[in-house]
Number of protein chains: 2
Amino acid sequence: MPKKYHHGDLKNALIQAGVEILAKEGVGGLSLRKVAQRAGVSHSAPYAHFPDKQSLIAAISTEGFNQLYAELEAAISSHSKNPKKQLIEGVQAYVHFAMENLDTFKIMFSGVLEKEKDYSSFVDISSKTFKLVVEVVQACQNAGVLPAAPADLMAVSVWGQVHGIVSLALEGQVSHTVLDKHSIQDIVLVSIEQLINS
Amino acid sequence: MPKKYHHGDLKNALIQAGVEILAKEGVGGLSLRKVAQRAGVSHSAPYAHFPDKQSLIAAISTEGFNQLYAELEAAISSHSKNPKKQLIEGVQAYVHFAMENLDTFKIMFSGVLEKEKDYSSFVDISSKTFKLVVEVVQACQNAGVLPAAPADLMAVSVWGQVHGIVSLALEGQVSHTVLDKHSIQDIVLVSIEQLINS
DNA sequence: GCGAAAATCTTGACACCGTCAAGATTGTGG
DNA sequence: CCACAATCTTGACGGTGTCAAGATTTTCGC
């Protein structure tokens, strides 16, 4: 697949370097020039592979979504006969991904990427992820675990719930009176159970 | 309160200029130098009032939270005898604020402000806002509208649900199969009703 | 009310940033 | 093998956050 030119596979090396800088210095520390330096090329070499910085960010975000999708699917497919467990394990995996890849998660969901619809592979993997959520929700509905609203709408409810709590927590907006007593994992689980039919 | 020096009340003028640039050019277009220029002062005048750019962003975010708090309280206090209506109107007000002040909302919640706990007035107003949510949730619980879990935990659930859906929608992560059929307002309302005791 | 001290603002500089143009180098296909 | 395309380097440009030095204005103790 990737042909070897001067560097080898600079495009992926740049994405990888970006992920590393992101993890080490946060979103504010991510610059094209640092990415280039870490990959061992000159400051404008990236322009052979990405038309601009936004495009590299799109690639990093896409990579993040691919990983998130993989982890979600792994969590779900381990319990293919138990929709409720699929839901719970999927939620756990989502929270786990966010906490383990804090800045990648931020870049994926915090508006750093400004015109996401311009990047088709980003749109592809993120809508594929949404479809995965819809499937689990639908299975839960068929099993009577979730209410019988339209599946895509219910999927937005469930995903929104999880995503919102995680986002607020990462943003420091969840009061310490709550965080002192419960982990984010627990808070999300308790919240999701409010949506589940008793 | 604000004494008049050379400019008059440059500190607030800078915050206002920041809000305007934010609305016109988005988060990416917000620079200290543009803010200074719009306020009619030299490029480093802001340093008399803010130690760095993050500090100005904190002030803008704080201003945003003040406005959000005011709108939430207005929505809630119009229905002081009907907790369920308070909840629904409060949620509507939250969604309305997000959509009317898109980039301010982003700056408040999207990790642009990196060390939020360093800014005490930001912490004050945001925890005050959280307390407001807890109060409404508690009133709903007393009226049997919401389940009887610990109020602060339930508040995180409710706020997280609303905030998550709004965030995902603003990020373009809500599938068009949903958005074509429902407004964000409707989606959030339908979702919240899943949490309300029937 | 006056003069010292503090607050405010300007000017100029620095390093870093994203981006582009010109050219050098390297791989590929006819 | 050679023209061409892909890849990478060098150098430049304007914009950015920040700091230092100095000018200007207000405040405050006497």
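Criteria and thresholds
Residues numbered from 1 in each chain as written. Chains lettered and ligands numbered in written order. Predicted model: local features only at pLDDT ≥ 70, side-chain atom pairs only at ≥ 80, totals over all residues. Heavy atoms only, no water. Near = heavy atom within 4 Å. Polar contact = N/O pair within 3.5 Å; in protein donor to acceptor, adjacent residues only side chain to side chain. Helix = DSSP H or I, 4+ residues; strand = E, 2+ residues; numbered from the N terminus. Nonpolar A, V, L, I, M, F, W, Y, C, P; charged D, E, K, R; others polar. Buried < 20%, exposed > 50% of the residue type's maximum accessible area, 1.4 Å probe, protein only. Contact = heavy atoms within 4.5 Å.

Enquirer: Requested: an account of the protein's contact with DNA strand D, with residues and values cited.
Expert: The environment of DNA strand D is formed by 23 residues, the closest being Ser42(A), His43(A), Ser44(A), His49(A) and Arg33(B). What you see for DNA strand D is that sugar and phosphate hold 60% of its atoms within 4 Å of the protein. A distance of 2.7 Å separates a base oxygen of DNA strand D from a polar atom in the side chain of His43(A). His49(A) has a polar side-chain atom sitting 2.7 Å from a phosphate oxygen of DNA strand D. If you tally residues by element for the surface near DNA strand D, the top one is helix H2 (residues 32-38) of chain B, at three residues. Tallied by class, residues from the surface near DNA strand D come to seven nonpolar, 10 polar and six charged.

Enquirer: I'd like to hear about helix H5 (residues 102-109) of chain A, residue by residue, with values.
Expert: Judged by how many residues are buried, H5(A) sits mostly within the fold: seven of eight residues are covered. Among all positions of H5(A), only Asp103(A), Thr104(A), Phe105(A), Lys106(A), Ile107(A), Met108(A) and Phe109(A) are buried. Buried positions along H5(A) lie against helix H1 (10-25), helix H3 (53-77), helix H4 (83-100), helix H6 (120-142) and helix H7 (151-170) of chain A together with helix H7 (151-170) of chain B. A positive backbone phi angle near 70° is found at Gly111(A), which sits one or two residues after H5(A).

Enquirer: Which residues make up the protein's contact with DNA strand C, and what values go with them?
Expert: In the vicinity of DNA strand C, 23 residues are found, and the nearest of them are Arg33(A), Ser42(B), His43(B), Ser44(B) and His49(B). Lys53(A) has a polar backbone atom sitting 2.8 Å from a phosphate oxygen of DNA strand C. At a separation of 2.7 Å, a phosphate oxygen of DNA strand C approaches a polar side-chain atom of His49(B). Considering every element that reaches the surface near DNA strand C, the biggest residue donor is helix H2 (residues 32-38) of chain A, with three residues. Across the surface near DNA strand C, the residue classes tally to seven nonpolar, 10 polar and six charged.

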